Amino acid sequence: MKIADFRTMLPDFVAMVSIVDDGQDVPLDPREAHCVQNAAPPRKRDFALGRRCARRALEFLGHHDAFIDSNPDRSPRWPPGLIGSITHTSGYAAAVAANETHCRAIGIDAERTGRIAPALWNSLFDSSEMEFLRSSPYAQQDALATLMFSAKEAYYKAAYPVTRRWLNFHDVHVSISGTRFAAFEKTSSGLTAADGRYVIDCGLVLTVVTTSHPIGGGKCDGR
């Protein structure tokens, strides 16, 4: 599956917009520009691309002329009644959004393959995740390691706005099955899980988590 077709895998209530950065003009929205007024040009570029995708996603939900400010911790501040997530990596940005009445939490992450070297596995993955990677065909290990890293990032982006808890990579376990994955958070009350979808296309990995239940406490089930 191509990145362009990935949105067909997502629930109907999720709006997703992506953009390939080919140097096109993407001006900052004046209502959002203050969030990066002191940032370096590359950061401003990433911010503008991501916010453009986010505003377009909100338009698909019927919220025209909406904008996304930033919270004190620099996370996106979505308009009341809406949730969403933004990601950007080299040459690419994307955003997802949904109404709170349909979705409790949502997270998106994009990564380029080739950056999760085996030397990093121990700091990112638990023993069973590393065993899964090592037992996979060598030609697939880089893409799978990137996928598992991205899945944990997407889970964190979904969980943080709800729980306001910082997580490290070993706090979340990822299990891959077909074109879906489950991200299990290891909590004091047991394991809580969120359902995710992914696509790998031309060295770009894209993961999305959606859940209709409280995340980080109790079972989470993507719809």
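Whatever comes next refers back to the structure up there.
Worth saying up front: this structure is predicted, and the values here are computed from it rather than measured. (Residues numbered from 1 in each chain as written. Predicted model: local features only at pLDDT ≥ 70, side-chain atom pairs only at ≥ 80, totals over all residues. Heavy atoms only, no water.)

### Things to note about the packing of aromatic side chains
For the structure on display, the rule yields 4 aromatic pairs. Taking 6.1 Å as the distance between ring centres and 25° as the angle between the ring planes, the aromatic pair formed by Tyr156 and Trp166 counts as stacked. Separated by 10 residues along the polypeptide, Tyr156 in helix α4 (residues 138-163) and Trp166 in the loop between α4 and β7 (172-177) bring together distant segments of the chain. Ring-pair connections join several aromatic residues into one group, and the members of that group are Tyr156, Tyr160 and Trp166. Between Arg56 and the ring centre of Phe60, over which it is positioned, the NZ or CZ distance is 4.6 Å. (Phe/Tyr/Trp six-rings, centres within 6.5 Å; stacked < 30°, edge-to-face > 60°. Helix = DSSP H or I, 4+ residues; strand = E, 2+ residues; numbered from the N terminus. Lys NZ or Arg CZ within 6 Å of the ring centre and 35° of its normal.)

### Topic: the environment of Gly91
Positionally, Gly91 belongs in the loop between β4 (82-89) and β5 (92-99). For Gly91, a relative accessible area of 27% corresponds to the partly exposed category. On a C-alpha basis, the gap between Gly91 and Asp171 in space is 30 Å, while along the polypeptide they are 80 residues apart. In this view, Gly91 contacts Ile19, Val20, Asp21 and Arg112; residues no more than four positions away in its chain are not counted. (Buried < 20%, exposed > 50% of the residue type's maximum accessible area, 1.4 Å probe, protein only. Contact = heavy atoms within 4.5 Å.)

### Examining the packing of helix α3 (residues 127-135) against α4
At a closest axis distance of 9 Å, the pairing of α3 and α4 adopts a crossing angle of 155°. In terms of orientation, α3 lies roughly antiparallel with respect to α4. Judged by the sense of rotation from one axis to the other, the crossing of α3 with α4 is right-handed. Between α3, through Glu129, Phe132, Leu133 and Arg134, and α4, the contact on the second element is made entirely by Gln141, Leu144, Ala145, Met148 and Lys152. Partitioned by chemical class, the residues of the contact of α3 with α4 number 5 nonpolar, 1 polar and 3 charged. (Axes fitted to C-alpha atoms, helices over the stretch in contact; angles between N-to-C directions. Parallel < 35°, antiparallel > 145°, perpendicular 65-115°, else oblique. Left-handed = near helix turned anticlockwise from the far one by under 90°. Nonpolar A, V, L, I, M, F, W, Y, C, P; charged D, E, K, R; others polar.)

### Looking at α3
Restricting attention to buried positions, one finds in α3 the residues Glu129, Met130 and Leu133. The buried residues of α3 occupy one face: seen down the axis, they fall within an arc of 95°. Turned more than 90 degrees from where α3 packs its buried face, Ser127 and Ser135 sit exposed. Considering only its buried residues, α3 is in contact with α2 (118-124), α4 and β7. (Arc of directions from axis to C-beta.)

### Brief notes about the side chain of Glu129
Note on placement: Glu129 falls in helix α3. When its relative accessible area of 1% is taken as the criterion, Glu129 is described as buried. Leave out the neighbours within four places in its chain, and Glu129 touches Leu124, Met148, Lys152, Val172, His173 and Val174.

### Observations regarding the pattern of salt bridges
Taken as a whole and assessed by the stated rule, the structure comprises 15 salt bridges. Note that Asp201 is salt-bridged to Lys2, the shortest N-O span being 3.7 Å. On the criterion of sequence distance, the pair formed by Asp201 in strand β9 (residues 190-201) and Lys2 in the segment before β1 (15-20) is long-range, its members being 199 residues apart. Judged by its relative accessible area of 14%, Asp201 falls in the buried class. The closest approach of N and O atoms between Arg55 and Glu32, which form a salt bridge, is 2.6 Å. (Salt bridge = Lys/Arg side-chain N within 4 Å of Asp/Glu carboxyl O.)

Purely spatial values, then, with no claim about function.
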